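# Topology and contacts: notes
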Amino acid sequence: MAGAIALGGVFFIGTLWYWLVEGWSWEDAAYMTVITLATVGYGETHPLGSRGRLFTIALILLGVVNIGYIVNRFTEAIIQGYFQEGIRLQQQRRLMESLTEHYIICGFSRTGRQIAKEFQAEGVPFVVIDSEMESVQRAQTEGYTAYQGDATLDDTLLKVGIERAICIVAALPSDAENLYIVLSAKTLNSGIRAIARASTEEALQKLQRGGADEVISPYITGGKRMAAAALRPQVLDFVDGILTGADRQLYMEEFLLDPAFCPFVGQTLQKARLRSQSGALVLAIRRLDGTLIGGPTGDTVLMSGDRLIGMGTAEQLRGLNQILGPINSKQLRRPKNT
(Lines give C-alpha, C1' and ligand atoms only; values in the text may rest on other atoms or scores of the structure.)
Protein backbone atom coordinates (compact mmCIF):
# COMPACT_ATOMS: atom_id res chain seq x y z
CA MET A 1 0.00 0.00 0.00
CA ALA A 2 2.82 2.41 0.85
CA GLY A 3 4.52 1.69 -2.48
CA ALA A 4 1.30 2.17 -4.42
CA ILE A 5 0.61 5.50 -2.68
CA ALA A 6 4.17 6.68 -3.35
CA LEU A 7 3.91 5.68 -7.02
CA GLY A 8 0.64 7.58 -7.30
CA GLY A 9 2.34 10.62 -5.78
CA VAL A 10 5.21 10.43 -8.29
CA PHE A 11 2.69 10.18 -11.15
CA PHE A 12 0.84 13.24 -9.85
CA ILE A 13 4.05 15.28 -9.50
CA GLY A 14 5.22 14.31 -13.00
CA THR A 15 1.88 15.22 -14.56
CA LEU A 16 1.83 18.60 -12.77
CA TRP A 17 5.38 19.37 -13.95
CA TYR A 18 4.70 18.70 -17.61
CA TRP A 19 1.41 20.58 -17.41
CA LEU A 20 2.51 23.64 -15.44
CA VAL A 21 6.21 23.98 -16.19
CA GLU A 22 6.38 22.62 -19.76
CA GLY A 23 2.96 23.98 -20.65
CA TRP A 24 1.58 20.74 -22.11
CA SER A 25 -2.04 19.62 -22.08
CA TRP A 26 -3.32 17.32 -19.33
CA GLU A 27 -3.48 14.41 -21.74
CA ASP A 28 0.09 14.88 -23.02
CA ALA A 29 1.39 15.43 -19.48
CA ALA A 30 -0.22 12.25 -18.14
CA TYR A 31 0.92 10.23 -21.17
CA MET A 32 4.52 11.43 -20.82
CA THR A 33 4.52 10.59 -17.11
CA VAL A 34 3.21 7.06 -17.71
CA ILE A 35 5.70 6.16 -20.45
CA THR A 36 8.51 7.65 -18.37
CA LEU A 37 7.63 5.68 -15.21
CA ALA A 38 7.08 2.52 -17.25
CA THR A 39 10.47 2.99 -19.01
CA VAL A 40 9.00 1.68 -22.28
CA GLY A 41 11.49 3.68 -24.37
CA TYR A 42 9.03 5.85 -26.31
CA GLY A 43 10.24 9.23 -27.54
CA GLU A 44 9.39 12.60 -25.99
CA THR A 45 5.84 13.74 -26.57
CA HIS A 46 7.15 17.29 -27.12
CA PRO A 47 10.76 18.52 -27.30
CA LEU A 48 12.30 19.03 -23.85
CA GLY A 49 14.98 21.43 -22.75
CA SER A 50 17.82 20.69 -20.31
CA ARG A 51 15.63 21.38 -17.29
CA GLY A 52 12.87 19.12 -18.59
CA ARG A 53 15.30 16.29 -19.32
CA LEU A 54 16.86 16.52 -15.86
CA PHE A 55 13.38 16.29 -14.31
CA THR A 56 12.58 13.31 -16.56
CA ILE A 57 15.74 11.53 -15.37
CA ALA A 58 14.70 12.11 -11.75
CA LEU A 59 11.19 10.89 -12.57
CA ILE A 60 12.57 7.68 -14.10
CA LEU A 61 14.72 7.00 -11.03
CA LEU A 62 11.80 7.59 -8.66
CA GLY A 63 9.59 5.32 -10.73
CA VAL A 64 12.15 2.51 -10.80
CA VAL A 65 12.68 2.75 -7.04
CA ASN A 66 8.94 2.69 -6.31
CA ILE A 67 8.15 -0.17 -8.69
CA GLY A 68 11.13 -2.13 -7.35
CA TYR A 69 9.87 -1.61 -3.80
CA ILE A 70 6.36 -2.81 -4.73
CA VAL A 71 7.70 -5.91 -6.48
CA ASN A 72 9.98 -6.67 -3.52
CA ARG A 73 7.15 -6.38 -0.97
CA PHE A 74 4.81 -8.42 -3.12
CA THR A 75 7.38 -11.20 -3.48
CA GLU A 76 8.07 -11.12 0.24
CA ALA A 77 4.36 -11.37 0.95
CA ILE A 78 4.08 -14.48 -1.18
CA ILE A 79 7.17 -16.11 0.35
CA GLN A 80 6.16 -15.40 3.95
CA GLY A 81 2.59 -16.52 3.37
CA TYR A 82 0.72 -13.29 4.06
CA PHE A 83 -1.87 -14.12 1.43
CA GLN A 84 -2.23 -17.69 2.68
CA GLU A 85 -2.73 -16.31 6.19
CA GLY A 86 -5.44 -14.00 4.91
CA ILE A 87 -7.18 -16.89 3.17
CA ARG A 88 -6.88 -18.98 6.34
CA LEU A 89 -8.43 -16.22 8.46
CA GLN A 90 -11.27 -15.82 5.97
CA GLN A 91 -11.93 -19.57 6.04
CA GLN A 92 -11.83 -19.52 9.84
CA ARG A 93 -14.33 -16.66 9.94
CA ARG A 94 -16.72 -18.55 7.65
CA LEU A 95 -16.33 -21.65 9.84
CA MET A 96 -17.17 -19.67 12.99
CA GLU A 97 -20.23 -18.19 11.30
CA SER A 98 -21.43 -21.69 10.33
CA LEU A 99 -21.26 -23.06 13.90
CA THR A 100 -24.62 -23.62 15.56
CA GLU A 101 -25.73 -25.48 18.69
CA HIS A 102 -22.07 -25.98 19.50
CA TYR A 103 -19.93 -26.02 22.64
CA ILE A 104 -17.24 -23.50 23.54
CA ILE A 105 -14.13 -24.43 25.52
CA CYS A 106 -12.28 -21.46 27.02
CA GLY A 107 -8.66 -22.41 27.66
CA PHE A 108 -6.60 -25.22 26.18
CA SER A 109 -4.55 -26.15 29.23
CA ARG A 110 -4.51 -29.69 30.62
CA THR A 111 -8.15 -29.38 31.67
CA GLY A 112 -9.23 -27.91 28.35
CA ARG A 113 -7.39 -30.61 26.39
CA GLN A 114 -9.16 -33.37 28.31
CA ILE A 115 -12.54 -31.70 27.74
CA ALA A 116 -11.79 -31.45 24.02
CA LYS A 117 -10.92 -35.17 23.88
CA GLU A 118 -14.24 -36.08 25.51
CA PHE A 119 -16.19 -33.78 23.18
CA GLN A 120 -14.43 -35.26 20.17
CA ALA A 121 -15.24 -38.78 21.40
CA GLU A 122 -18.91 -37.78 21.71
CA GLY A 123 -18.91 -36.28 18.23
CA VAL A 124 -20.30 -32.91 19.29
CA PRO A 125 -19.32 -29.67 17.51
CA PHE A 126 -17.10 -27.42 19.60
CA VAL A 127 -14.59 -24.59 19.33
CA VAL A 128 -11.57 -23.85 21.52
CA ILE A 129 -10.60 -20.32 22.61
CA ASP A 130 -7.14 -19.51 23.94
CA SER A 131 -5.10 -16.33 24.10
CA GLU A 132 -1.79 -18.09 23.41
CA MET A 133 -0.93 -18.79 19.77
CA GLU A 134 1.06 -21.87 20.79
CA SER A 135 -2.02 -23.40 22.43
CA VAL A 136 -4.20 -22.52 19.43
CA GLN A 137 -1.71 -24.13 17.04
CA ARG A 138 -1.60 -27.25 19.22
CA ALA A 139 -5.39 -27.47 19.20
CA GLN A 140 -5.46 -27.09 15.41
CA THR A 141 -2.76 -29.73 15.05
CA GLU A 142 -4.96 -32.14 16.98
CA GLY A 143 -7.81 -31.44 14.57
CA TYR A 144 -9.90 -29.07 16.70
CA THR A 145 -11.48 -25.80 15.62
CA ALA A 146 -9.62 -23.12 17.56
CA TYR A 147 -9.63 -19.33 17.80
CA GLN A 148 -6.99 -17.07 19.33
CA GLY A 149 -8.44 -14.39 21.56
CA ASP A 150 -9.29 -13.28 25.08
CA ALA A 151 -12.32 -15.29 26.17
CA THR A 152 -13.27 -12.66 28.76
CA LEU A 153 -14.07 -10.15 25.99
CA ASP A 154 -17.55 -9.97 24.46
CA ASP A 155 -16.08 -9.47 20.99
CA THR A 156 -14.19 -12.77 21.19
CA LEU A 157 -17.27 -14.68 22.34
CA LEU A 158 -19.36 -13.13 19.56
CA LYS A 159 -16.80 -14.20 16.95
CA VAL A 160 -17.14 -17.85 18.02
CA GLY A 161 -20.96 -17.69 17.87
CA ILE A 162 -21.85 -17.40 21.56
CA GLU A 163 -25.43 -16.44 20.65
CA ARG A 164 -25.85 -19.78 18.81
CA ALA A 165 -23.98 -21.99 21.30
CA ILE A 166 -25.69 -24.28 23.79
CA CYS A 167 -22.90 -24.58 26.35
CA ILE A 168 -19.70 -22.80 27.36
CA VAL A 169 -16.95 -24.28 29.54
CA ALA A 170 -14.73 -21.78 31.36
CA ALA A 171 -11.58 -23.82 32.03
CA LEU A 172 -8.99 -21.07 32.52
CA PRO A 173 -6.59 -21.31 35.50
CA SER A 174 -7.77 -17.94 36.83
CA ASP A 175 -11.02 -17.94 38.82
CA ALA A 176 -11.53 -14.23 38.10
CA GLU A 177 -11.28 -14.79 34.34
CA ASN A 178 -13.71 -17.71 34.54
CA LEU A 179 -16.16 -15.46 36.39
CA TYR A 180 -15.80 -12.81 33.64
CA ILE A 181 -16.48 -15.47 31.02
CA VAL A 182 -19.64 -16.67 32.78
CA LEU A 183 -20.97 -13.13 33.20
CA SER A 184 -20.26 -12.24 29.56
CA ALA A 185 -21.73 -15.50 28.24
CA LYS A 186 -24.94 -15.12 30.24
CA THR A 187 -25.28 -11.52 29.11
CA LEU A 188 -24.84 -12.38 25.43
CA ASN A 189 -26.92 -15.58 25.56
CA SER A 190 -29.18 -15.94 28.58
CA GLY A 191 -30.15 -19.49 27.62
CA ILE A 192 -26.62 -20.88 27.40
CA ARG A 193 -25.42 -23.47 29.89
CA ALA A 194 -22.26 -22.28 31.65
CA ILE A 195 -19.78 -24.69 33.24
CA ALA A 196 -16.88 -23.14 35.17
CA ARG A 197 -13.68 -24.31 36.81
CA ALA A 198 -12.95 -23.11 40.36
CA SER A 199 -9.74 -23.43 42.35
CA THR A 200 -11.17 -22.60 45.79
CA GLU A 201 -14.47 -23.00 47.63
CA GLU A 202 -14.86 -19.21 47.77
CA ALA A 203 -14.47 -18.98 43.99
CA LEU A 204 -16.97 -21.81 43.62
CA GLN A 205 -19.61 -19.82 45.50
CA LYS A 206 -18.91 -16.63 43.57
CA LEU A 207 -19.16 -18.41 40.23
CA GLN A 208 -22.49 -19.88 41.27
CA ARG A 209 -23.74 -16.43 42.24
CA GLY A 210 -22.39 -15.12 38.93
CA GLY A 211 -24.74 -17.40 37.01
CA ALA A 212 -22.72 -20.57 36.38
CA ASP A 213 -25.02 -23.57 35.99
CA GLU A 214 -22.32 -25.93 37.21
CA VAL A 215 -19.02 -25.23 38.97
CA ILE A 216 -16.32 -27.89 39.14
CA SER A 217 -13.33 -27.75 41.47
CA PRO A 218 -10.60 -30.09 40.21
CA TYR A 219 -9.21 -30.45 43.71
CA ILE A 220 -12.51 -31.24 45.41
CA THR A 221 -13.67 -33.51 42.58
CA GLY A 222 -10.27 -35.19 42.40
CA GLY A 223 -10.32 -35.86 46.14
CA LYS A 224 -13.79 -37.39 45.98
CA ARG A 225 -12.84 -39.61 43.06
CA MET A 226 -9.69 -40.79 44.79
CA ALA A 227 -11.71 -41.67 47.89
CA ALA A 228 -14.27 -43.48 45.74
CA ALA A 229 -11.46 -45.37 43.96
CA ALA A 230 -10.19 -46.51 47.34
CA LEU A 231 -13.59 -47.45 48.81
CA ARG A 232 -15.62 -48.55 45.76
CA PRO A 233 -13.20 -49.25 42.90
CA GLN A 234 -15.55 -51.44 40.82
CA VAL A 235 -18.37 -48.91 41.04
CA LEU A 236 -16.05 -46.12 39.95
CA ASP A 237 -14.72 -48.16 37.03
CA PHE A 238 -18.27 -48.89 35.89
CA VAL A 239 -19.37 -45.24 36.11
CA ASP A 240 -16.23 -44.07 34.28
CA GLY A 241 -16.83 -46.68 31.60
CA ILE A 242 -20.28 -45.33 30.74
CA LEU A 243 -19.52 -41.63 31.08
CA THR A 244 -16.24 -41.17 29.20
CA GLY A 245 -14.18 -42.67 26.44
CA ALA A 246 -14.66 -43.42 22.77
CA ASP A 247 -14.79 -47.23 23.01
CA ARG A 248 -17.76 -47.56 25.35
CA GLN A 249 -20.46 -50.20 25.06
CA LEU A 250 -22.88 -48.50 27.44
CA TYR A 251 -23.80 -44.83 27.52
CA MET A 252 -25.75 -42.48 29.78
CA GLU A 253 -27.82 -39.68 28.30
CA GLU A 254 -30.36 -37.04 29.36
CA PHE A 255 -33.76 -36.52 27.75
CA LEU A 256 -36.09 -33.58 28.22
CA LEU A 257 -39.82 -34.31 28.20
CA ASP A 258 -41.57 -31.68 26.13
CA PRO A 259 -45.38 -32.04 26.10
CA ALA A 260 -45.46 -30.60 22.57
CA PHE A 261 -43.62 -33.68 21.27
CA CYS A 262 -43.64 -36.40 23.93
CA PRO A 263 -46.83 -38.51 23.90
CA PHE A 264 -46.18 -40.01 27.34
CA VAL A 265 -46.42 -36.89 29.52
CA GLY A 266 -48.95 -37.64 32.26
CA GLN A 267 -48.53 -41.43 31.98
CA THR A 268 -46.71 -43.78 34.33
CA LEU A 269 -43.46 -45.49 33.39
CA GLN A 270 -45.29 -48.83 33.38
CA LYS A 271 -47.85 -47.60 30.87
CA ALA A 272 -45.22 -45.83 28.71
CA ARG A 273 -43.26 -49.11 28.39
CA LEU A 274 -40.02 -47.27 27.61
CA ARG A 275 -37.81 -50.18 28.68
CA SER A 276 -39.62 -52.82 26.64
CA GLN A 277 -39.78 -50.61 23.53
CA SER A 278 -36.21 -49.34 23.51
CA GLY A 279 -34.24 -51.61 25.82
CA ALA A 280 -32.80 -48.54 27.61
CA LEU A 281 -33.02 -48.32 31.39
CA VAL A 282 -34.38 -45.17 33.07
CA LEU A 283 -32.05 -44.64 36.03
CA ALA A 284 -33.47 -41.41 37.44
CA ILE A 285 -35.85 -38.55 36.80
CA ARG A 286 -35.14 -34.92 37.60
CA ARG A 287 -38.34 -32.94 38.16
CA LEU A 288 -38.74 -29.37 36.95
CA ASP A 289 -38.45 -28.12 40.56
CA GLY A 290 -35.11 -29.91 40.97
CA THR A 291 -36.38 -32.98 42.84
CA LEU A 292 -34.40 -36.10 41.91
CA ILE A 293 -36.16 -39.47 41.78
CA GLY A 294 -33.58 -42.24 41.78
CA GLY A 295 -34.62 -45.68 40.55
CA PRO A 296 -38.16 -44.69 39.50
CA THR A 297 -40.78 -47.42 39.75
CA GLY A 298 -43.51 -48.34 37.27
CA ASP A 299 -45.96 -46.08 39.16
CA THR A 300 -43.80 -42.98 38.67
CA VAL A 301 -45.69 -40.44 36.55
CA LEU A 302 -43.86 -38.67 33.72
CA MET A 303 -44.43 -34.93 33.96
CA SER A 304 -43.80 -31.97 31.68
CA GLY A 305 -40.26 -30.65 32.01
CA ASP A 306 -38.88 -33.88 33.47
CA ARG A 307 -35.35 -34.85 32.60
CA LEU A 308 -34.93 -38.58 32.18
CA ILE A 309 -31.49 -40.05 32.77
CA GLY A 310 -31.23 -43.21 30.70
CA MET A 311 -28.57 -45.88 30.26
CA GLY A 312 -28.04 -48.31 27.41
CA THR A 313 -26.22 -48.91 24.19
CA ALA A 314 -26.05 -46.21 21.53
CA GLU A 315 -28.79 -47.99 19.56
CA GLN A 316 -31.02 -48.29 22.62
CA LEU A 317 -30.64 -44.62 23.47
CA ARG A 318 -31.42 -43.63 19.88
CA GLY A 319 -34.55 -45.74 20.10
CA LEU A 320 -35.53 -44.09 23.38
CA ASN A 321 -35.02 -40.69 21.82
CA GLN A 322 -37.32 -41.57 18.92
CA ILE A 323 -39.98 -42.85 21.31
CA LEU A 324 -39.92 -39.71 23.43
CA GLY A 325 -40.28 -37.52 20.33
CA PRO A 326 -38.07 -35.14 18.33
CA ILE A 327 -36.72 -33.27 21.33
CA ASN A 328 -35.35 -29.85 20.51
CA SER A 329 -33.64 -28.45 23.57
CA LYS A 330 -30.75 -26.02 23.78
CA GLN A 331 -29.89 -27.32 27.24
CA LEU A 332 -29.88 -31.04 26.58
CA ARG A 333 -28.11 -32.74 23.71
CA ARG A 334 -29.69 -35.55 21.76
CA PRO A 335 -27.81 -38.86 21.58
CA LYS A 336 -25.28 -38.96 18.80
CA ASN A 337 -26.14 -40.80 15.58
CA THR A 338 -22.86 -42.72 15.30
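You'll find the structure just up there.
Residues numbered from 1 in each chain as written. Predicted model: local features only at pLDDT ≥ 70, side-chain atom pairs only at ≥ 80, totals over all residues. Heavy atoms only, no water.

## Thoughts on the sheet that holds strand β6 (residues 214-216)
Condition: The pairing criterion for strands is at least two bridges between them, as found by DSSP. Here a helix means four or more residues in a row that DSSP labels H or I, a strand means two or more in a row labelled E, and each is numbered from the N terminus. Between N-to-C directions, angles cover 0 to 180 degrees, with each direction set by a line fitted to C-alpha atoms, over the stretch in contact for helices. Whether two residues are in contact is decided by their heavy atoms, any of which lying within 4.5 Å being enough.
Here 6 strands make up an open sheet; going across it, the order is β3-β2-β1-β4-β5-β6 and the pairing parallel. Every other strand in the sheet has two partners, leaving β3 (145-148) and β6 as the edge strands with one partner each. Looking at each pair of strands side by side, their axes are set apart by 20° on average, direction ignored. Sheet topology places strand β5 (residues 193-197) next to β6; 3 bridges connect them, and they run parallel. Bridging across to β6, A196 finds its partner in V215. Against the sheet, helix α5 (residues 110-122) touches β1 (103-106), β2 (126-130), β4 (167-170) and β5, its axis set at about 160° to β1.

## Looking at the sheet that holds strand β9 (residues 292-294)
With antiparallel pairing, 4 strands are arranged side by side in an open sheet as β7-β10-β8-β9. Here the strands that pair on one side only, and so sit at the sheet edges, are β7 (251-256) and β9. Across the sheet, the axes of successive neighbouring strands diverge by a mean angle of 25°, strand direction being ignored. When β7 meets strand β10 (residues 307-312), the two strands line up antiparallel, connected through 6 bridges. Paired with F255 across the two strands is L308, which belongs to β10. Relative to β7, helix α14 (residues 314-324) is tilted by about 10°, and along the sheet it contacts β7 and β10.

## Quick word on the pattern of salt bridges
Basically, it comes down to this: Salt bridges are defined by distance alone: a side-chain nitrogen of Lys or Arg within 4 Å of a carboxyl oxygen of Asp or Glu. Exposure categories follow from relative accessible area, calculated using a 1.4 Å probe and restricted to protein chains: below 20% of the type maximum is buried, above 50% is exposed, and the middle band is partly exposed.
Scanning all chains against the criterion turns up 8 salt bridges. With its nearest N and O atoms 3.3 Å apart, the salt bridge here joins D155 to K159. You can see D155 and its partner K159 sitting in helix α7 (residues 154-159), 4 residues apart, about one turn around the helix. Residue classification places K159 among the partly exposed positions, given a relative accessible area of 42%. Across the pair R193 and E214 runs a salt bridge whose closest N-O atoms are separated by 3.7 Å.

## Points about the packing of helix α1 (residues 2-21) against helix α2 (residues 26-38)
Going by this rule: Roughly parallel means an angle under 35 degrees; roughly antiparallel means over 145; roughly perpendicular covers 65 to 115; every other angle is labelled oblique. It is the rotation of the near helix from the far one that decides the hand of a crossing: anticlockwise by less than a right angle makes it left-handed, clockwise makes it right-handed. Nonpolar residues are Ala, Val, Leu, Ile, Met, Phe, Trp, Tyr, Cys and Pro. Charged residues are Asp, Glu, Lys and Arg, and all others, Gly as well, are polar.
At a minimum axis distance of 8 Å, the contact between α1 and α2 shows a crossing angle of 135°. Classified by the interaxial angle, the pair formed by α1 and α2 is oblique. Where α1 crosses over α2, the handedness of that crossing is right-handed. Facing L7, V10, F11, G14, T15, L16, Y18 and W19 of α1, the residues of α2 in contact are W26, A29, A30, M32, T33, V34, T36 and L37. By residue class, the composition of the contact of α1 with α2 is 12 nonpolar, 4 polar and no charged.

## Some thoughts on the side chain of S135
Secondary-structure assignment places S135 in helix α6 (residues 133-141). If we ignore the near neighbours within four places in the chain, the residues touching S135 are F108 and D130.

## Structural notes on the pairing of β5
Selection criterion: When the strands point away from the viewer and the path from the first strand over the helix to the second turns clockwise, the crossover is right-handed.
Within β5, 4 of the 5 residues are buried, which leaves it mostly tucked inside the rest of the structure. One ladder, built from 4 bridges, connects β4 with β5; its direction is parallel. If you follow V169 over to β5, its bridge partner there is I195. You can see the chain leave β4, run along helix α8 (residues 175-188) and come back into β5, and the turn it takes is right-handed.

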